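# Structural features, examined
The lines below spell out each chain.
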Amino acid sequence: MVELVLPNDANTMGNVLGGRVLHWIDLAAAIVAHRHCRTEAVTVSMDEVSFLVPIRVGQLACIAARMTYVGRTSMEIRVDVQSEDLMSGERRQTSTAYLTFVAVDKSGRPAEVPPLLLETEEDRREAKAGEARRAARLKLRPLGVTPRETQQR
Ligand SMILES: CC(C)(COP(=O)(O)OP(=O)(O)OC[C@H]1O[C@@H](n2cnc3c(N)ncnc32)[C@H](O)[C@@H]1OP(=O)(O)O)[C@@H](O)C(=O)NCCC(=O)NCCS
């Protein structure tokens, strides 16, 4: 996904707003999730994201998303954001984010997703690391309480 950063996307210093970048990250990841499972899918978590260098008004935000790991109903998607200067063509990595989406059926209940085909050594490395990230994320959930139970309280 490529976005041209316009004044309405920026703060008073002419740098893109962090919230706008998070929106683009979420959108790119959602497209990848939907294409994989071909059902509805919702964002359940986004890991810590840093903004390493600013993207200026008039520059491009280039957002690349790919699936890295799937569980039974969840899918992890890695999103890389780069700035691109239209005049020089210079690209700089600005953020990397890992998001988890859950496929849901018509009543909003988690639904099984197809397996992920791991074709390269890099795919296999990323999936193995994804498994470890998943375990770390689930540890952060309140003990014995699932998000669905929290909603019902
Ligand atoms: C996503 C949702 C349906 C999951 O419901 P749930 O009751 O937690 O379901 P489960 O406990 O069965 O977990 C389903 C999957 O989500 C994963 N999951 C749950 N919470 C997670 C979290 N915080 N981070 C990462 N994965 C999580 C589980 O590991 C499981 O994956 P698996 O099937 O691959 O093992 C529910 O939390 C929800 O509707 N959340 C709101 C989503 C939304 O509206 N997003 C838009 C932005 S607000």
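Okay, so let's go over this structure. Numbering of residues starts from 1 in every chain and runs along the sequence as written. At least 70 in pLDDT is required for a residue's local features to be given in this predicted model, at least 80 for side-chain atom pairs to be given and counted, and no such filter applies to totals for whole chains, interfaces and linings, which use all residues. Side-chain figures throughout are based on the complete set of non-hydrogen atoms in the structure, without hydrogens or water.

### What to know about the site of the ligand
Being near a molecule or strand, for a residue, means having at least one of its heavy atoms within 4 Å of it. The environment of the ligand is formed by 20 residues, the closest being Arg72, Thr73, Ser74, Arg134 and Arg141. Here arginine 141 contributes a side-chain N or O atom positioned 3.0 Å from a nitrogen atom of the ligand. For the ligand, whose accessible area on its own is 950 Å², the fraction buried by protein is 69%. Helix and strand labels come from DSSP, where a helix needs a run of H or I of at least four residues and a strand needs a run of E of at least two; each type is numbered from the N terminus. Looking at the shell around the ligand, the elements that each hand over two or more residues are β2 (40-46), β5 (91-104), α2 (121-139) and α3 (147-152). Examining the composition of the shell around the ligand, we find that four residues originate from one element, β2, more than from any other. Residues that form the shell around the ligand fall into these classes: six nonpolar, nine polar and five charged. In the analysis that follows, any N or O atom pair within 3.5 Å is treated as a polar contact, provided that within protein one partner can donate a hydrogen and the other can accept it, and provided that, for residues neighboring in sequence, both atoms belong to side chains. All accessible-area figures derive from a Shrake-Rupley calculation using a 1.4 Å probe, and residue coverage is judged against the displayed protein chains alone. Ten residues, namely Ala, Val, Leu, Ile, Met, Phe, Trp, Tyr, Cys and Pro, are considered nonpolar, four, namely Asp, Glu, Lys and Arg, are considered charged, and the remaining ones, Gly among them, are considered polar.

### Comments concerning α2
A helix is expected to reach a length of 1.5 Å times the quantity of its residues less one. Compared with an ideal rise of 1.5 Å per residue, which puts 19 residues at 27 Å, α2 spans 28 Å between its outermost C-alpha atoms and is within 8% of the ideal. Taken together, the buried positions of α2 are occupied by Asp123, Glu126, Ala127, Gly130, Arg133 and Arg137. For α2, the angular spread of buried residues about the axis comes to 125°, placing them on one side. Residues Glu121, Arg125, Lys128, Ala132 and Lys139 are exposed on α2 and point more than 90 degrees away from its buried face. The contact rule is simple, with two residues in contact once any of their heavy atoms fall within 4.5 Å. Contacts from the buried residues of α2 go to β2, β3 (60-70), β4 (74-84) and β5. To sort residues, take the accessible area from a 1.4 Å probe on protein chains only and compare it with the maximum for the residue type: under 20% means buried, over 50% means exposed, and anything in between is partly exposed. It is the directions from the helix axis to the C-beta atoms whose arc is reported.

### Structural notes on the environment of arginine 78
Looking at the element boundaries, arginine 78 is found in strand β4. With residues up to four places along the chain from it excluded, the contact list for arginine 78 reads Ala64, Ala65, Arg66, Thr68, Thr96, Ala97, Tyr98 and Glu126. A distance of 3.1 Å separates a polar atom in the side chain of arginine 78 from a polar atom in the side chain of tyrosine 98.

### Looking at the pattern of salt bridges
Whenever a carboxyl oxygen of Asp or Glu lies within 4 Å of a side-chain nitrogen of Lys or Arg, that contact is scored as a salt bridge. For the structure shown, the criterion picks out 13 salt bridges. Between glutamate 126 and arginine 66 there is a salt bridge, with its nearest N and O atoms 3.3 Å apart. With glutamate 126 in helix α2 and arginine 66 in strand β3, this residue pair connects regions lying 60 residues apart in the sequence. Relative accessible area serves as the criterion here: at 7%, glutamate 126 is assigned to the buried category. Salt-bridge contacts for arginine 133 lead to glutamate 76; the nearest nitrogen and oxygen are separated by 2.8 Å. You can see arginine 133 sitting in helix α2 and its partner glutamate 76 sitting in strand β4, a full 57 residues away along the chain. Residue classification places arginine 133 among the buried positions, given a relative accessible area of 18%. Overall, the relative accessible area of 1% leaves glutamate 76 in the buried class. A cluster of three or more residues bridged by salt bridges with shared partners is formed by Asp47, Arg66, Glu76, Arg78, Asp80, Glu122, Arg125, Glu126, Arg133 and Arg137.

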